[in-house]
Amino acid sequence: MLFNGMVSNWTKIPPPLFKKVVIVLIDALRDDFVFGSKGKQFMPYTTQVVEKGTSYSFIAEAKPPTVTMPRIKALMTGSIPGFIDVIVNLNSPALLDDNLIWQAKTAGKRIIFYGDDTWVKLFPKHFVEYDGTTSFFVSDFTEVDDNVTRHLDRVLKREDWDLLILHYLGLDHIGHMTGPNSPLVGPKLHEMDNILKKIHISLLSKEEASLPNLLVVCGDHGMSETGSHGGSSDGEVHTPLLFISSAFEKRSGPLTQPGFVQQTDLASTLAVGLGLPISRNSVGNLILPVVGGKTMREQLRFVHLNGFQLSRLLQENTPAYEKDPGYEHFKIAEKYHGNWIKLYLEGNNSEILLNLGKKVLKQYLEALKTLSSSLSKQVAQYDVYSMMVGTVIIMEVLLLLLLSLPKALSSQAEFEVSLSPPVFSLLFYLMCLMLCAVHVIVCTSAESLCYFCSMSWLTAVGVMMLISALMCSILSAIAKIFENSRPPLKNPVVSSSSWSEVDVLILAGTIGHVLSLGASSFIEEEHQTWYFLINTLCLVLCQELCRNNFLLKECDPQHSTTVKQNFDTIGKASECKNIDIPAACNSKLGQATSSTEFIKGSDKWMSLASPWIILICCRLLRSLNQTGVQWAHRPDFGHWLTSSEHKSELSFLAAVSLLMIFFLVQRRCSLVSKIAMALGLLGVYSYRAAIGNVIFPWQHASKDISKGITEARFVYVFVLGIVFTGTKDLLKSQVISADSSVKSTGLWEVYSGLVLLAALLFRPHNLPVLVFCLLIQTMMTKYIWRPLKFDAAQITIMHYWFGQAFFYFQGNSNGIATVDVSAGFVGLESYVEIPAIFLTVFATYAGPLLWAIHLLCYLSSEVSRNSAAVGHGCFCYALMRSIPVAIYIVLVTGLRYHLFIWSVFSPKLLYEGVHVFITAAICLFFTAMDQNHSHKVQD
């Protein structure tokens, strides 16, 4: 208590400072679009107001994830949204937290909204009038903004509103489709400038003597150099924030660089300006220049209200809040504020009062800054109990996979988890009772909300039973391993195998990659890890090829005969026991026997050159797209191609790439599929020409740009036709006849259809990525995997490694900003959720997907391998995905308070989660195509 009778007056809400407030939110408006050269060129009126008008300009810093829905929440609540909002962004639920819109509605303010329908979903029944437009149809540059502007003339003439919110989406859509340097950006900025001019002039003409009006111009986020957003680069997190009102003093003197504020500061500032309570969970600070024209007493009252709200929030979230530096500073400032009020009430108008007021104001601002910083770090509350339950289940599944490794890679490819013995054991029921007791204790004593505790008791008991069953199965598997720890050596030749260099590299690479996930720098630059691993793999393969072609040739003929006899012995045994020779014996043994058929002819030199050609391809691909964080800003070949000056070169490269794709894919397709593939690839080029990415030789540069709906759907017809043809052959091989050639052809046609779909969704400069993918697959199949006789597990891991590398060759990273959202709208006239999500996910993970399907095609086409090879591949692929995911979840849980948890670790976790779902779908497809599994089920 400061002194008698003063506290109650200080915490009352002051009257509003502005009569009407208009918020113009321009989606993806970067700071340099207003304050840079583009602003001076395309936004002359706004630039004039910023430099010489009655305005205050700032650069607002947004926190990742920089996507629309979390940023709207930050602007209106002043709080920092969680990373899960990236997913919720697709279908936003109603916002239940205390926010500016709810406070305004409660105070009787009449709110009108036009623009992104995310606002309508977040704030249902809050607007007296609204017109929402979908934000996800990124091919629309004009109509989405015209739907907002058409209401302006009518609304600005009316007097029946207090708060008008306009959310323009066109600039964001242009960024997604063509990037920040597109020629379309300038006209769109000029359009926005004319709209701001119209609003500003209208507000000035309707001002009364009592209260002025306020125009706020801001962006929800910026855009990266590729036009996307979601990450934490400067272009994505720095947005302009303009306050324009006749209440401010006209700017004079030299132009200064705009100061930095937090995006969350807007909620507190607007609350004060509208005479509303500051949102309960806001961590923002009052932007003082906006109220700088008021008296010292009013300014101190405003900052005290802000400090009181922040200190109360700190008390709710921090047990030892009294020791927090921000809280201590606030209490000191409050004490000095009381002294200032005493002097003021005594009628002291001397210089002492003014200087003391400035000192108190400075102390308040320091306290606000410290409190906001502390709260920004502490407000993130984690549901630790639910996280631990999920982590335990994931680690149990991983351990079960590792314990099943010997059986899964055996000749029969058995992977069966028998749950019936553990479930009927006493240990199972004891564990269930113990876990249920722990659950009751945690849920009844938890002070904060818990997702797992909010579940029904039936669901919770089911989860406890699952954990208990998995644990009992793990203990049972360990017991069986100890029982069979000394098996008899039936085949000394097979059992005496040693590890090859490839095996050592695979083990070391897997362990090294998993360990690197604990460092934020390695996650930001993970592409470098995969580039290093595949380059090293190529060098090891080169060594293996040289050994087979030169060293074994110089060996003693008698030694070669002995090796050949050993191989024949194992081959005869395999006829009875159905052993996959490459998997059961030493890989070097298989390599030795294959050398006689391999060293003849020109194929020998082609095989020796293959690793070096692959290395050259990988180096070229690295130059195509700069990715990661540290060097993403550096120019690359992709930027050079996509510039408007090099459209002819891009068109030539796209045409050559499409021809190469046809040449590499058609070799194993049926005649009908070949024709469909040729027409589909022609349609791909026509689509890109229609939307203005490339040109035909006879096409004039002035041709109007369309959405390419017809051309894209033309390609979709052929994609579905090719996939349907392949599916028909697969069903025929599975149901009618077990002909492996029919099955192989069907799989390849499904693969070809996916390649055609990828060619349609990839941007033109990325088509060489698809070409090199097919070329490397072809070379490794013919000149490396078959001659060296690698087993199914080794080939699977090589496919997985190259799939991961091609994920980054596409230009992807572990940041949300590199997701090409425009791929989800190819051929769509409006936003349709399921197709848009499917196309976006496929375009993002096309590299890993195509390599996984190629793995299935390869293993199914190898007649020399037994039917267990597909099962081996499926298990190894699942294991390679499970190991890093499980370890990473444990690491993220432990690092949840890390400085880069939201900007680095969380986006990576989101990518890993989606990749797990894709891997599950791939493994289901593997299982369906596993002929050996089908026969066992029939038996």
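The structure under discussion appears in the preceding block.
Residues numbered from 1 in each chain as written. Predicted model: local features only at pLDDT ≥ 70, side-chain atom pairs only at ≥ 80, totals over all residues. Heavy atoms only, no water.

Colleague: What exactly am I supposed to notice about the overall build of the protein chain here?
Modeller: Helices and strands together make up the secondary structure of the protein chain, namely 43 helices and 8 strands. Looking at the protein chain as a whole, 54% of its 939 residues qualify as buried. Total accessible area computed for the protein chain in this model is approximately 41600 Å², and 63% of it derives from carbon and sulfur atoms. (Helix = DSSP H or I, 4+ residues; strand = E, 2+ residues; numbered from the N terminus. Buried < 20%, exposed > 50% of the residue type's maximum accessible area, 1.4 Å probe, protein only. Areas by Shrake-Rupley, 256 points an atom, 1.4 Å probe, with all protein chains shown as cover.)

Colleague: I tried to follow the nonpolar core on my own but got confused; where do I start?
Modeller: The tendency in soluble globular proteins is for nonpolar side chains to be buried as a group. Counting 114 residues, the largest nonpolar core has I661, W801 and F802 as the members making the most contacts within it. Aside from chain neighbours lying at most four places away, what touches I661 is L681, V755, A759, L770, V771 and L774. F113, V120, I278 and A333 belong to the second largest nonpolar core, which has 65 residues in total. (Core = buried A, V, L, I, M, F, W, Y, C linked by side-chain atoms within 4.5 Å. Contact = heavy atoms within 4.5 Å.)

Colleague: Explain the state of the cysteines here, please?
Modeller: Working definition: the covalent bond between the sulfur atoms of two cysteines is a disulfide. Summed over the entire model, instances satisfying the criterion amount to 1 disulfide. Here C443 connects covalently by a disulfide to C453, the sulfurs 2.0 Å from one another. Across the S-S bond linking C443 and C453, the dihedral sits near -85°, which makes this disulfide left-handed. With C443 in helix α21 (residues 426–445) and C453 in helix α22 (residues 451–454), the pair connects residues that are 10 residues apart, well separated along the chain. Here C857 stays unpaired: no disulfide links it, and the sulfur of C669, its closest cysteine neighbor, is 9.9 Å away. Classification of C857 by relative accessible area gives buried; the value is 1%. (Disulfide = S-S within 2.5 Å.)

Colleague: Please clarify how empty space enclosed by the protein should be interpreted in this entry.
Modeller: Rolled over the atoms, a probe with the dimensions of a water molecule shows which regions are left empty. Under the defined criterion, the tally for this structure stands at 7 cavities of 30 Å³ or more. In this structure, the largest cavity occupies an estimated 80 Å³ of space. Of all the secondary structure elements, the ones that give two or more residues to the lining of the largest cavity are α38 (792–809) and α42 (901–929). A total of 4 residues in the lining of the largest cavity trace back to one element, the largest contributor, which is α42. Within the lining of the largest cavity, the residues separate by chemical class into 5 nonpolar, 3 polar and 3 charged. The space that makes up the second largest cavity amounts to roughly 50 Å³. Every residue along the wall of the second largest cavity is listed here: G509, T510, H513, V514, W530, L533, Y800, W801, M880 and P884. (1 Å grid on protein atoms, 1.4 Å probe; cavity = no way out; pocket = protein on both sides within 12 Å on 5 of 7 lines; lining within 4 Å. Points joined across faces, edges and corners; volume = space filled by probe spheres on them. Nonpolar A, V, L, I, M, F, W, Y, C, P; charged D, E, K, R; others polar.)

Colleague: Any chance you could explain the pairing of strand β1 (residues 21–26) here in plain terms?
Modeller: For a regular strand, the rule is simple: side chains alternate between the two faces of the sheet. With 6 of 6 residues buried, β1 lies mostly within the body of the structure. Of the two faces of β1, the one holding V21, I23 and L25 and the one holding V22, V24 and I26 are both buried throughout. Taken together, the 6 bridges between β1 and strand β5 (residues 163–168) define a ladder with parallel strand orientation. Directly across from V22, in β5, lies its bridge partner L164. Note that β1 and strand β6 (residues 214–218) share 5 bridges and pair parallel. Directly across from L25, in β6, lies its bridge partner C218. (Pairing = 2+ DSSP bridges.)

Colleague: Is there a simple way to explain the environment of M223 in this structure?
Modeller: As for its position among the elements, M223 is in the loop between β6 and α13 (234–237). Judged by relative accessible area, M223 falls into the buried class, the value being 0%. Linking M223 and G175, residues 48 residues apart in sequence, is a C-alpha distance of 7.1 Å. Sequence-distant contacts of M223, defined by excluding residues within four places in its chain, comprise A28, R30, F33, L171, G175, P180, S228, H229, G235 and E236.

Colleague: Help me out: how do you make sense of the packing of aromatic side chains in this one?
Modeller: Describing an aromatic ring pair means giving the distance of the ring centres and the angle of the ring planes. Under the counting rule described, the total for this entry stands at 29 aromatic pairs. Seen from their ring centres, F806 and F809 are 5.1 Å apart, and the 85° between their planes marks the pair as edge-to-face. Of this pair, F806 and F809 both sit in helix α38, 3 residues apart, which is roughly one turn of that helix. The two residues F806 and F809 agree in class, both being buried. (Phe/Tyr/Trp six-rings, centres within 6.5 Å; stacked < 30°, edge-to-face > 60°.)

Colleague: How should helix α37 (residues 767–788) be read in this particular structure?
Modeller: Given a rise of 1.5 Å per residue, 22 residues ought to cover 32 Å, and the 31 Å separating the end C-alpha atoms of α37 matches this to within 8%. Bending of α37 peaks at approximately 45° at the position of T781. Summarising burial for α37: 19 of the 22 residues are buried, a large majority. Downstream of α37 by a residue or two, K789 has a phi angle that is positive, lying close to 55°. (Expected span 1.5 Å × (residues − 1). Bend = angle between axes of the 7 residues up to and from the residue.)

Colleague: Got a minute to help me understand the pairing of β6 in this structure?
Modeller: In terms of burial, β6 is largely enclosed, as 5 of its 5 residues are buried. Residues L214, V216 and C218 point to one face of β6 and L215 and V217 to the other, with burial holding for every one of them. Judged from the 4 bridges that link them, β6 and strand β7 (residues 238–244) form a sheet pairing that is antiparallel. Note that in β7 the partner of C218 across the bridge is L241.

Colleague: What should I look at first to understand the pattern of salt bridges in this one?
Modeller: If charged atoms from side chains of opposite charge come close, those side chains can pair. Counted by the stated rule, this structure contains 20 salt bridges. Put simply, K331 and E334 hold a salt bridge, and the shortest N to O gap is 3.3 Å. Here E334 and K331 lie together in helix α16 (residues 325–345), a separation of 3 residues that amounts to about one turn. Judged by relative accessible area, K331 falls into the partly exposed class, the value being 39%. The shortest N-O distance in the salt bridge between E526 and K908 comes to 2.6 Å. Taken together, the residues span a long stretch of sequence, with E526 in helix α27 (residues 526–551) and K908 in helix α42 at a distance of 382 residues. Like E526, the residue K908 is buried in the burial classification. (Salt bridge = Lys/Arg side-chain N within 4 Å of Asp/Glu carboxyl O.)

Colleague: Looking at this structure, how should I read the environment of F696?
Modeller: Summarising the element assignment, F696 is placed in the loop between α34 (671–690) and α35 (709–736). When its relative accessible area of 18% is taken as the criterion, F696 is described as buried. When neighbours within four sequence positions are excluded, F696 is seen to be in contact with Y685, S686 and A689.

Colleague: Sorry, what's going on with the sheet that holds β5 here?
Modeller: Backbone hydrogen bonds are what pair the strands of a sheet, in a parallel or an antiparallel way. Taken together, 8 strands build an open sheet; the order of strands is β4-β3-β5-β1-β6-β7-β2-β8 and the sheet is mixed. A single partner strand is all that each edge strand has here, and the edge strands are β4 (129–133) and β8 (259–262). Neighbour-to-neighbour, the strand axes of this sheet turn through a mean angle of 20°, independent of strand direction. Here 5 bridges tie strand β3 (residues 111–116) to β5, and the two strands are oriented parallel to one another. (Axes fitted to C-alpha atoms, helices over the stretch in contact; angles between N-to-C directions.)

Colleague: I tried to follow the packing of helix α25 (residues 501–516) against α38 on my own but got confused; where do I start?
Modeller: What describes two packed helices is the angle between their axes and the distance between those same axes. Where α25 contacts α38, the two axes come as close as 11 Å, and the packing angle between them is 45°. In terms of their interaxial angle, α25 and α38 are classed as oblique. Classified by chirality, the crossing of α38 by α25 is left-handed. Between α25 and α38, the residues in contact are V502, D503, L505, I506, G509 and T510 and Q794, I797, M798 and W801, respectively. (Parallel < 35°, antiparallel > 145°, perpendicular 65-115°, else oblique. Left-handed = near helix turned anticlockwise from the far one by under 90°.)

Colleague: It is not clear to me how a nonpolar patch on the surface should be interpreted in this structure. Could you clarify?
Modeller: Among the surface-exposed residues, W499, V504, L507, I511 and L515 lie close enough to one another that they form a single nonpolar patch of about 530 Å² accessible area. Tracing the backbone shows V504 in helix α25. Residue class for V504 comes out partly exposed when judged on its relative accessible area of 44%. (Patch = residues over 30% accessible without salt bridge, like charges linked within 9 Å, V, L, I, M, F, W, Y side chains within 5 Å.)

Colleague: Where do I start with unusual backbone geometry in this structure?
Modeller: Glycine aside, the phi torsion of most residues is negative, and most peptide linkages are trans. Here P64 and P65 are connected by a cis peptide whose omega angle stands at 10°. Here P65 shows up in the loop between β2 (55–61) and α5 (68–77). You will see that K125, though not glycine, has its phi angle at about 65°, which is positive. Inspection of the secondary structure puts K125 in the loop between α8 (118–122) and β4. With a relative accessible area of 79%, K125 lands in the exposed category. Located in the positive-phi region is K789, a residue other than glycine, with phi close to 55°. Structurally, K789 is set in the loop between α37 and α38. On the accessibility criterion, K789 (29% relative accessible area) is partly exposed.

Such coordinate-based values are descriptive only and should not be taken to indicate function.
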